[in-house]
Amino acid sequence: MDIGKNILAITTNLPEGVKLVAVSKTKPNEDILEAYNAGQRIFGENKVQDLTKKYEELPKDIEWHFIGHPQSNKVKYIAPFISLIHGVDSLKLLKIINKEGQKNERKIKCLLQFHIAEESTKFGLDIQEARDVLDSEEFKNFANVEIAGVMGMATYTDDETQIRNEFRMLYNIFTQLKNEYFSAADSFYEISMGMSDDYPIAVEEGSTMVRVGSKIFGARNY
Ligand SMILES: *Cc1c(COP(=O)(O)O)cnc(C)c1O
């Protein structure tokens, strides 16, 4: 597994403006450094404990993304340094992130996660639930969170048409929310979609940020 080569094979084919989040969950620091030495700076993790450890041990110019759904009582550990939290799907979680942002005197960028897959196990809002969050008085008073866009995961299937339709659905949700709530804001611009098996389709459907793990680092053994 040549991690540096894998990074370059992906980044050279991404259109201008589409960012790569290298998903390094379960992988050791040495693998992350290989990607780092190939020029990669954005890494994604989904366990708070692993993430804080890696943050402490690895170069400080790495931009760390939390790609899952952080447990409420653990947000405080990542709040000082996290660049983007991809998996926000409730007002309750936003409230906690806002509180921790306040304590750290920073604005924490978040993506709203949408449920676009047919599997019932994947987290996420539907558009009406997102409107309810964005319309709430509580949300309007959050000074320490910034909604930077949307995130979603397609169904795990070989059916490309289905995957494409699900990504298209997320793109449409993004456009609707942009028009309804963020038309004057430059800060709402990310569409985080696409993983190892489906990121080329996601890019065709308007992704601005792909989250790729096994295609870079090899299969994970848990
Ligand atoms: C693990 C994970 C990825 C990367 O998955 P691969 O299939 O290995 O590319 C992307 N997004 C999320 C939310 C993940 O949990």
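In this text the structure is predicted, and so the values were computed from the model without any measurement.

Visitor: I would appreciate a short explanation of the pattern of salt bridges in the present structure.
Guide: Pairing is possible between side chains of opposite charge, provided their charged atoms come close. By the definition in use, this model includes 12 salt bridges. Taking the shortest distance from any N to any O, the salt bridge between Lys54 and Glu45 comes out at 2.7 Å. On the basis of relative accessible area, Glu45 is assigned to the buried category, the value being 0%. Between Glu205 and Arg168 there is a salt bridge; the shortest N-O distance is 2.9 Å. Here Glu205 is found in the loop between α9 (199-204) and β8 (209-212), whereas its partner Arg168 is found in helix α8 (residues 160-181), with 37 residues between them in sequence. When its relative accessible area of 39% is taken as the criterion, Arg168 is described as partly exposed. Three or more residues joined by partner-sharing salt bridges are found here, namely Arg164, Arg168, Glu204 and Glu205.

Visitor: Sorry if this is basic, but what is going on with the site of the ligand here?
Guide: Taken together, the neighbourhood of the ligand is formed by Val23, Lys25, Ile67, Met151, Met153, Met195, Ser196, Arg211, Val212, Gly213, Ser214 and Arg220. A distance of 2.6 Å separates an oxygen atom of the ligand from a polar side-chain atom of Ser196. Take Arg211: an N or O atom from its side chain is 2.9 Å from a nitrogen atom of the ligand.

Visitor: Honestly, the layout of surface pockets in this entry has me stumped. Any pointers?
Guide: Which parts of space are left empty comes out when a probe the size of a water molecule is rolled across the atoms. The calculated volume of the second largest pocket comes to roughly 190 Å³. Taken together, 13 residues line the second largest pocket, and the ones lying closest to its centre are Phe139, Val145, Glu146, Ile147 and Phe182. Those elements that place two or more of their residues in the lining of the second largest pocket are α7 (137-140) and β6 (145-152). With three residues, β6 is the largest single contributor of residues to the lining of the second largest pocket. Tallied by class, residues from the lining of the second largest pocket come to nine nonpolar, one polar and three charged.

Visitor: Please explain the packing of aromatic side chains as it appears in this structure.
Guide: The description of an aromatic ring pair uses the distance of the two centres, along with the angle that the planes make with each other. Across all of its chains, the model carries six aromatic pairs by this definition. Seen in terms of ring centroids, Phe139 and Phe142 are 6.1 Å apart; in terms of plane orientation they differ by 75°. Their pairing is edge-to-face. Overall, the relative accessible area of 14% leaves Phe139 in the buried class. A centroid spacing of 4.0 Å and a plane angle of 5° characterise the contact between Phe182 and Phe188, whose relative ring orientation is stacked. Residue class for Phe188 comes out buried when judged on its relative accessible area of 1%. Put simply, the rings of Phe174, Tyr181, Phe182 and Phe188 touch in pairs and so form one group of aromatic residues. When the ring centre of Tyr36 is taken as reference, the NZ or CZ atom of Arg41 above it lies at 3.6 Å. When the ring centre of Tyr55 is taken as origin, the NZ or CZ atom of Lys60, which lies over that ring, is 4.7 Å away.

Parameters and conventions
- Residues numbered from 1 in each chain as written.
- Predicted model: local features only at pLDDT ≥ 70, side-chain atom pairs only at ≥ 80, totals over all residues.
- Heavy atoms only, no water.
- Salt bridge = Lys/Arg side-chain N within 4 Å of Asp/Glu carboxyl O.
- Buried < 20%, exposed > 50% of the residue type's maximum accessible area, 1.4 Å probe, protein only.
- Helix = DSSP H or I, 4+ residues; strand = E, 2+ residues; numbered from the N terminus.
- Near = heavy atom within 4 Å.
- Polar contact = N/O pair within 3.5 Å; in protein donor to acceptor, adjacent residues only side chain to side chain.
- 1 Å grid on protein atoms, 1.4 Å probe; cavity = no way out; pocket = protein on both sides within 12 Å on 5 of 7 lines; lining within 4 Å.
- Points joined across faces, edges and corners; volume = space filled by probe spheres on them.
- Nonpolar A, V, L, I, M, F, W, Y, C, P; charged D, E, K, R; others polar.
- Phe/Tyr/Trp six-rings, centres within 6.5 Å; stacked < 30°, edge-to-face > 60°.
- Lys NZ or Arg CZ within 6 Å of the ring centre and 35° of its normal.

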